[in-house]
Amino acid sequence: MRITVLAGGVGAARFLRGLKAAAPGARITVIGNTGDDITLCGLRVCPDLDTVMYTLGGGISEEQGWGRAGETFTVAGELAAYGGDTPWFTLGDKDFATHIMRTKLLAEGKPLSEVTRMLCERWRPGVRLLPMSDDVVETHVHLDDGPVVHFQEWWVRLHATVPARAIVPHGAAEATPAPGVLEAIANADFILFPPSNPVVSIGPILAVPGIREAVAAKTVVGVSGIIGGAPVRGMADACLTAIGVETSATAVAAHYGAGLLDGWLVDEQDKAAADDPALAPIAVRALPLYMRDLATTTVIARASVDLAQELSMEPNG
Ligand code: GDP
Ligand code: CA
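## Side note on the packing of aromatic side chains
Going through the model one piece at a time under the given rule, you end up with 6 aromatic pairs. Ring geometry for tryptophan 88 versus phenylalanine 89: centroids 6.1 Å apart, planes at 80°, classification edge-to-face. Pairing tryptophan 154 with tryptophan 155 gives two aromatic rings, centres 6.2 Å apart and planes at 45°, and the pair type is tilted. Considered together, tryptophan 154 and tryptophan 155 belong to a single accessibility category, that of buried residues. An aromatic cluster is built from Phe151, Trp154 and Trp155, whose rings are joined through pairwise contacts. Directly above the aromatic system of tyrosine 54 lies the positively charged group of arginine 68, at a separation of 5.5 Å from the ring centroid.

Structure representation (structure tokens):
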């Protein structure tokens, strides 16, 4: 079985841990969002790729869901003593090493996809991890009161409390999918969307020309990251509000649309979505969607695989 997953950071990484357990023999390709990437102190930081790599490779801080376990902050402290660069974005010492290595390899002229492959040689995540593109795409947030800021500045420094009027994957329209991305989509038995942020995680991936069309041609099953009208962790509601989409499992599925989604998993609290005419062509299934631990997450992942297999057997799947 070949499964291709479009992935953001924490929500995706947790789901992928369950997917590996639910489908142990499957060949899983992960297409990671790079819209969150940022250059800090001259170092290229790829938060979503690293969250997937560390989580599946056993190096993640379980409490935070991002960053390294057992981290220390000596370098960050020294940088702060110099007046800092971006004090609102703290990197740990172990994490710094990843960004130093990545930046060195990029400076040697290697594309991000090759660099990611090399970093994964250490972590052995058990999936093939591809960035959505080797080209630079950065999600920009247009604030209500005028200025345009990098997504990380809005998310981390401003905690997404300043209202935004638009969220734009800057550079996506000119980007090309990284080598292997379109093939991984075309050759997959089906595509899964983990409960990742639809606006700033899945959205930028779909904005790279060619990816949306390739995904739409396949059987696609998504898992709602919205439960009972709220994102389980984080501030995805602020992103949805910025693009004029209600924070509900139904509205997110309608935002993806029946042209893209064939199946949609919602939490039991949201089971009314199954009868919503707005989602008529989409097969909706309700089950508990809190990824509490590996066991509950494995059940969710198994349900997504089962629904995708069921739908791909149908003539229009
Ligand atoms: P990020 O890049 O680190 O923000 O991570 P993702 O975009 O991959 O995922 C973040 C999203 O995961 C959040 O917006 C939540 O909606 C969703 N999420 C987090 N925890 C859970 C959970 O336990 N269950 C479900 N269904 N969704 C979750
Ligand atoms: Ca992210």
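## Description of the pattern of salt bridges
Summed over the entire model, instances satisfying the criterion amount to 10 salt bridges. When the shortest N-O distance is used, the salt bridge between arginine 117 and glutamate 114 registers 2.9 Å. A residue pair is termed a helical-turn pair when its members lie 3 or 4 positions apart in one helix, as arginine 117 and glutamate 114 do in helix α5 (residues 112-123) at 3 residues. By sharing partners, the salt bridges in this structure join Lys104, Glu108 and Lys110 into a single network.

## Description of the coordination of the calcium ion (ligand 2)
Ideal values for angles at a metal depend on the geometry: 109.5 degrees with four tetrahedral donors, 90 or 180 degrees with six octahedral donors. The protein atoms that coordinate the calcium ion (ligand 2) are Asp36 (OD), Asp48 (OD) and Asp48 (OD), at distances of 2.0 to 2.7 Å. One end of the pair, aspartate 36, is in the loop between β2 (27-32) and β3 (38-40); the other, aspartate 48, is in helix α2 (residues 47-57), and 12 residues separate them in sequence. Residue classification places aspartate 36 among the buried residues on the basis of a relative accessible area of 7%.

## Details of the site of ligand 1
Residues in close proximity to ligand 1 total 20 residues, the closest being Ser196, Ser201, Gly225, Arg233 and Leu289. Contact distances for ligand 1 include 2.6 Å between an oxygen atom and a side-chain N or O atom of serine 201. Residue methionine 291 places a main-chain N or O atom 2.8 Å away from an oxygen atom belonging to ligand 1. Alone, ligand 1 offers 590 Å² of accessible surface; in the complex the protein occludes 91% of this. In terms of residues, the shell around ligand 1 owes the most to one element, helix α1 (residues 10-22), which gives 3 residues. Taken together, the residues that form the shell around ligand 1 break down as 10 nonpolar, 8 polar and 2 charged.

The rules we used
Residues numbered from 1 in each chain as written. Chains lettered and ligands numbered in written order. Predicted model: local features only at pLDDT ≥ 70, side-chain atom pairs only at ≥ 80, totals over all residues. Heavy atoms only, no water. Phe/Tyr/Trp six-rings, centres within 6.5 Å; stacked < 30°, edge-to-face > 60°. Buried < 20%, exposed > 50% of the residue type's maximum accessible area, 1.4 Å probe, protein only. Lys NZ or Arg CZ within 6 Å of the ring centre and 35° of its normal. Salt bridge = Lys/Arg side-chain N within 4 Å of Asp/Glu carboxyl O. Helix = DSSP H or I, 4+ residues; strand = E, 2+ residues; numbered from the N terminus. Donors = N, O, S within 2.8 Å, 3.2 Å for Na, K, Ca; no water. Near = heavy atom within 4 Å. Polar contact = N/O pair within 3.5 Å; in protein donor to acceptor, adjacent residues only side chain to side chain. Areas by Shrake-Rupley, 256 points an atom, 1.4 Å probe, with all protein chains shown as cover. Nonpolar A, V, L, I, M, F, W, Y, C, P; charged D, E, K, R; others polar.

Read these as layout, nothing more, since geometry by itself doesn't imply function.
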